[in-house]
Amino acid sequence: MAMNEIESDPLLQVEDLKVHFPVTEGVLGRKQVATVKAVDGVSFSLRSGETFSLVGESGCGKSTTALSVMRMLTPTAGRIAFAGEDITRHTPAMMRPIRRQIQMVYQDPFSSLNPRMKIADIIGEPLVVHGMASDKTFYRKQVAELMDLVGLLPNMADRYPHEFSGGQRQRVGIARALALRPRLIVCDEPVSALDVSIQAQIINLFMDLQQELGLTYLFIAHDISVVRHMSDRVAVMYLGKIVEMADRDALFDSPRHPYTQALLSAVPVADPAIESHRPQQLIVGEVPSVRNPPSGCRFHPRCVQAMEQCSQTAPELEANQQGHLTSCHLYGSAEGRLASAEVPG
Ligand code: SF4
């Protein structure tokens, strides 16, 4: 979506979000021996109509962030606001009207669909749960429209999930998420279980639906190449923190953080002549445990550009004049401390 089509007020605002889990020991698990800081001070916002992507390796905290936004987890600290309403401490009852406006599409379309329900019933179930199915004519019309929206044929309505391909099942999951006409859809790795050719079809479907329905997406992915075409802005997470955040083109064309550079360098280029000559920037070693993250910059044990100070002092997330945020000692005070946890519009 073009930036000038995006409304200025944030639909979702996440400020200094922290989600910490106690690690316990003992027979009754009463003795806390450590704390896992799965998300540790994450801030971002989404304007209505845009796609904001969170990317990073497994264990970086992106899915925990998504579950917190859905309020399936209660944050340890920080603030989450949806359409101006602070929902950080909302009870399930208080979340009920908000739930209609925030829906989720899951990674594995097969395990997220009830195998004993017909496709039409799966898609229509949210309407039943929210008391919008008493008028049978309205209900059937809604389900038929939803199937049409995601490219499912009317004669598929009475089939079961096991009769569908992975891509078709994800279309069912998307139709179900759209049933309550949400404003925000949290997409947690929605294409990573699909073949590459099917991934492109589902990404195109997401983009078409956004144009048609004015949807806002929080898109979670471990594969940075997947989010390139559909994102307006991208944040890269590493061990519970955002290390880089920028408009899509700035991030893909001029990545600044060594971790982002390495992620992009690992994406193959279609042209074999270019692929065989382009420099590769490898990430060394495994992702450290989030239970015991490295001192200073959490990326320093794997960073090919690490300096002495990197193991001692954690860099701040700082913006350059274009609003491109980076958390790395290679940048910072020389560019002026426009420090903010938010990307300007
Ligand atoms: Fe690498 Fe140091 Fe930058 Fe961390 S702060 S990404 S270790 S150069």
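In what follows, the structure referred to is the one given above.
Below is a summary of the structure that appears in this document. (Residues numbered from 1 in each chain as written. Predicted model: local features only at pLDDT ≥ 70, side-chain atom pairs only at ≥ 80, totals over all residues. Heavy atoms only, no water.)

**Let's talk about the packing of helix α3 (residues 119-129) against helix α5 (residues 166-178)**
Note the threshold: In this analysis an axis means a line fitted to C-alpha atoms, helices contributing only their contacting stretch, and an angle means the value between N-to-C directions, from 0 to 180 degrees. Strands are runs of DSSP state E lasting at least two residues, helices are runs of H or I lasting at least four, and both sets are numbered from the N terminus onward. By definition in this entry, angles of less than 35 degrees are roughly parallel, angles greater than 145 are roughly antiparallel, angles of 65 to 115 are roughly perpendicular, and the rest are oblique. Crossing handedness follows the turn of the near helix against the far one: under a right angle anticlockwise gives a left-handed crossing, and clockwise gives a right-handed one. Contacts are assigned to residue pairs that have any heavy atoms within 4.5 Å of one another. Gly is put with the polar residues, along with every residue not named as nonpolar or charged; the nonpolar set is Ala, Val, Leu, Ile, Met, Phe, Trp, Tyr, Cys and Pro, and the charged set is Asp, Glu, Lys and Arg.
Relative orientation of the contacting elements α3 and α5 amounts to 30°, with a least axis distance of 7 Å. As the angle between them shows, α3 and α5 are arranged roughly parallel. In this structure, α3 crosses over α5, and the sense of that crossing is right-handed. For the pair formed by α3 and α5, the contact residues are I119, I122, I123, E125 and P126 on the first element and V172, A175 and R176 on the second. Class assignment for the residues of the contact of α3 with α5 results in six nonpolar, no polar and two charged.

**Description of the pattern of salt bridges**
Our working definition: The salt bridge criterion pairs a side-chain nitrogen of Lys or Arg with a carboxyl oxygen of Asp or Glu, the two atoms within 4 Å.
By the definition in use, this model includes 13 salt bridges. Across the salt bridge formed by K241 and D40, the nearest N and O atoms sit 3.9 Å from each other. Residue K241 is found in strand β10 (residues 241-247), and its partner D40 is found in strand β2 (residues 31-47); the two are separated by 201 residues along the sequence.

**Comments concerning the packing of α3 against helix α4 (residues 136-149)**
Close contact between α3 and α4 brings their axes to 10 Å; oriented N to C, the two are set at 125°. By the angle between their directions, the pair α3 and α4 is classed as oblique. In this structure, α3 crosses over α4, and the sense of that crossing is right-handed. Contacts between α3 and α4 involve A120, D121, I123, G124, E125, L127 and V128 from the former and Y139, Q142, V143, L146 and M147 from the latter.

**Focus on the site of the ligand**
For clarity, the threshold we go by: Nearness here has a simple test: a residue counts as near a molecule or strand if at least one of its heavy atoms is within 4 Å of that partner. The definitions used throughout rest on a 1 Å grid laid over the protein atoms alone, on which a cavity is an enclosed set of points accommodating a 1.4 Å probe that cannot get out and a pocket is an open set flanked by protein within 12 Å on both sides along at least five of seven lines; lining residues are those having an atom within 4 Å of a point. A molecule is said to be in a cavity or pocket once over half of its atoms fall within 2 Å of that pocket's grid points.
As a structural note, the neighbourhood of the ligand is formed by 13 residues, with C297, C303, C310, C328 and H329 the closest of them. When atoms are counted within 2 Å of each cavity's grid points, the one that captures over half of the ligand is the largest cavity. Considering only residue class, the shell around the ligand consists of nine nonpolar, four polar and no charged.

**Notes on α5**
Test applied: For a helix, the expected span equals 1.5 Å multiplied by the number of residues minus one. The buried label applies to any residue whose accessible area, calculated with a 1.4 Å probe on protein chains only, is under 20% of its type's maximum; exposed applies above 50%, and partly exposed to all values in between.
Taking 1.5 Å of rise per residue, the 13 residues of α5 would be expected to cover 18 Å, and the 19 Å separating its terminal C-alpha atoms lies within 8% of that figure. For α5, the tally of buried residues reaches ten of 13 residues, placing the bulk of the element in the interior. Among the residues making up α5, those that are buried are G167, R169, Q170, R171, V172, G173, I174, A175, A177 and L178. Looking at the packing, one finds that the buried side of α5 touches β6 (102-105), α3, α4, β7 (184-188) and α6 (196-213).

**Quick word on the pairing of strand β8 (residues 216-221)**
So the rule is basically this: Pairing between strands is defined by DSSP: at least two bridges between them are needed. Handedness of a crossover is defined as follows: orient the strands so they point away from the viewer, and if the path from the first strand over the helix to the second runs clockwise, the crossover is right-handed.
Among the six residues that make up β8, six are buried, leaving the element largely enclosed by the rest of the structure. Side chains T216, L218 and I220 of β8 all project onto a buried face; the interleaved residues Y217, F219 and A221 project onto the opposite face, where all are buried too. Two elements, strand β3 (residues 51-55) and β8, share five bridges in a ladder whose sense is parallel. Its bridge partner being in β8, T51 is matched across the sheet by Y217. Relative to β8, β7 is paired through five bridges, and the arrangement is parallel. Within the sheet, the bridge partner assigned to D188 lies in β8 and is I220. Regarding topology, α6 serves as the crossover connection from β7 to the parallel β8, and that connection is right-handed.

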